[in-house]
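Listed below are the residues making up each chain.
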Amino acid sequence: MIEIETLTKRYGDNTVVDTVTMTIQPRTVTVIVGTSGSGKTTLLRMINRLVEPTSGTIKLDGVDNRDLPGFELRRRIGYAIQGHGLFPHRTVAQNIATVPGLLGWDRPRIDAKVKELLELFQLDPDDFASRFPHELSGGQQQRVGVARALAAEPNVLLMDEPFGALDPIIRAKAQQDLISIQKVLGTTIVLVTHDMDEAFHLADRIAVMDKGKVVQYGAPVELVRQPATPFVETLIGDTERPFRLLSMQTIGEAVEPNQATGEPLSEDMSQREALSKLLWTGQQALPVRASDGRIIGSVSVEGLSKRAAGLA
Ligand SMILES: Nc1ncnc2c1ncn2[C@@H]1O[C@H](COP(=O)(O)OP(=O)(O)OP(=O)(O)O)[C@@H](O)[C@H]1O
């Protein structure tokens, strides 16, 4: 658990993080969003003490982060940034081994960890371990950057715009990989992004920053249903709200008892995808199939439209 308590950072007269208090639960993904210069990176970097706060505290599992020695902070907290920051003259394996090496792990343990992470990130160790960063695509470099941040098995992974440099297709894949890996490893992730779609896709909770303050901190659905300030409303995008609501829920949660004919949709499809399918095929309703193959009812344009409007 990360407990942030009345945290403030000032540069001269400029208060860039202003009395922020928030608690981040273990094994969750928290996404920090906000306009440029709102203090997101500064807040993130105070967690691993790359930036020292002017006042306030941060506790990691109950321990003040100022009481943890440097090696302990490095072990507990991984850090991945946009542009991945790989060392250009070190191989992929050497890059991933950086923090375990600093922590004095023995060779077999380091080698096993490098291999495990490369496999987890779908990079064949025989092919990739001895390559240099310039011999990788942007997406592969990004994966190595995240693998390196996870090498010492940190409880917490801080990510600053980690997918910012990737094209939309690779970016979607990288986001998907991150979610699967987070499920396997149970890492607590705090991620900064400009991209609201990314935030809604990844977050268990979103923190919205405006001029150094966290103006709302809650589950994505809360932000859409009850934006705390006009700024949050603007950031979410007025016209996007119905679609954001639909994309956060599956049709398994919107099944109606009525019968329908046509190609069944899988119950784990998002409501947004289902509405899109209905509109595109000109159907008013389609059957819904459960994972065991049974037809469990239907979804309709009318039913999904009500949900999009927040009425169901
Ligand atoms: N070392 C520093 N010295 C002085 N001012 C700084 C320093 N670091 C950051 N700032 C200022 O603090 C404010 C917040 O910066 P920060 O990088 O945290 O914002 P951000 O929300 O992450 O922005 P972006 O989305 O553009 O990366 C900015 O106005 C920035 O100019």
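None of these values were measured; they are calculated from a predicted model.

1. Brief notes about the site of the ligand
Thinking step 1. Every residue near the ligand is listed here: Y11, V16, G34, S36, G37, S38, G39, K40, T41, T42 and H194.
Thinking step 2. Per-element accounting of the shell around the ligand gives the leading share, three residues, to helix 1 (residues 40-47).
Thinking step 3. Looking at the shell around the ligand residue by residue, the classes come out as two nonpolar, eight polar and one charged.

2. Notes on the pairing of strand 12 (residues 285-289)
Thinking step 1. As defined by bridge partners, strand 11 (residues 265-266) adjoins strand 12 across two bridges and the pair is classed as parallel. Bridge assignment links S266 to a residue of strand 12, and that residue is R289.
Thinking step 2. If you look at the hairpin formed by strand 12 and strand 13 (residues 295-300), you'll find five residues sitting between the two strands, and G293 has a positive phi there, around 95°.

3. Notes on helix 1
Thinking step 1. Helix 1 sits mainly inside the fold: six of its eight residues count as buried.
Thinking step 2. Where helix 1 terminates, the next one or two residues include R49, which has phi positive at roughly 65°.

4. Some thoughts on the sheet that holds strand 3 (residues 29-34)
Thinking step 1. Strand order in the open sheet formed by six strands is 6-7-8-3-9-10, with mixed pairing between adjacent strands. In this open sheet, the two strands that pair with only one neighbour each are strand 6 (77-81) and strand 10 (213-218). For this sheet, the mean inter-axis angle between neighbouring strands, taken without regard to orientation, is 15°.
Thinking step 2. Sitting on the sheet, helix 1 is in contact with strand 3, strand 6, strand 7 (156-160), strand 8 (188-192) and strand 9 (205-210), with an inclination near 150° to strand 8.
Thinking step 3. Of the strands in this sheet, strand 6 and strand 7 touch helix 7 (residues 138-150), which is tilted by about 165° from strand 6.

What counts, and where the lines are drawn
- Residues numbered from 1 in each chain as written.
- Predicted model: local features only at pLDDT ≥ 70, side-chain atom pairs only at ≥ 80, totals over all residues.
- Near = placed C-beta within 6 Å.
- Helix = DSSP H or I, 4+ residues; strand = E, 2+ residues; numbered from the N terminus.
- Nonpolar A, V, L, I, M, F, W, Y, C, P; charged D, E, K, R; others polar.
- Pairing = 2+ DSSP bridges.
- Buried ≥ 20, exposed ≤ 12 C-beta atoms within 10 Å, placed from the backbone.
- Axes fitted to C-alpha atoms, helices over the stretch in contact; angles between N-to-C directions.
- Contact = placed C-beta atoms within 7 Å.

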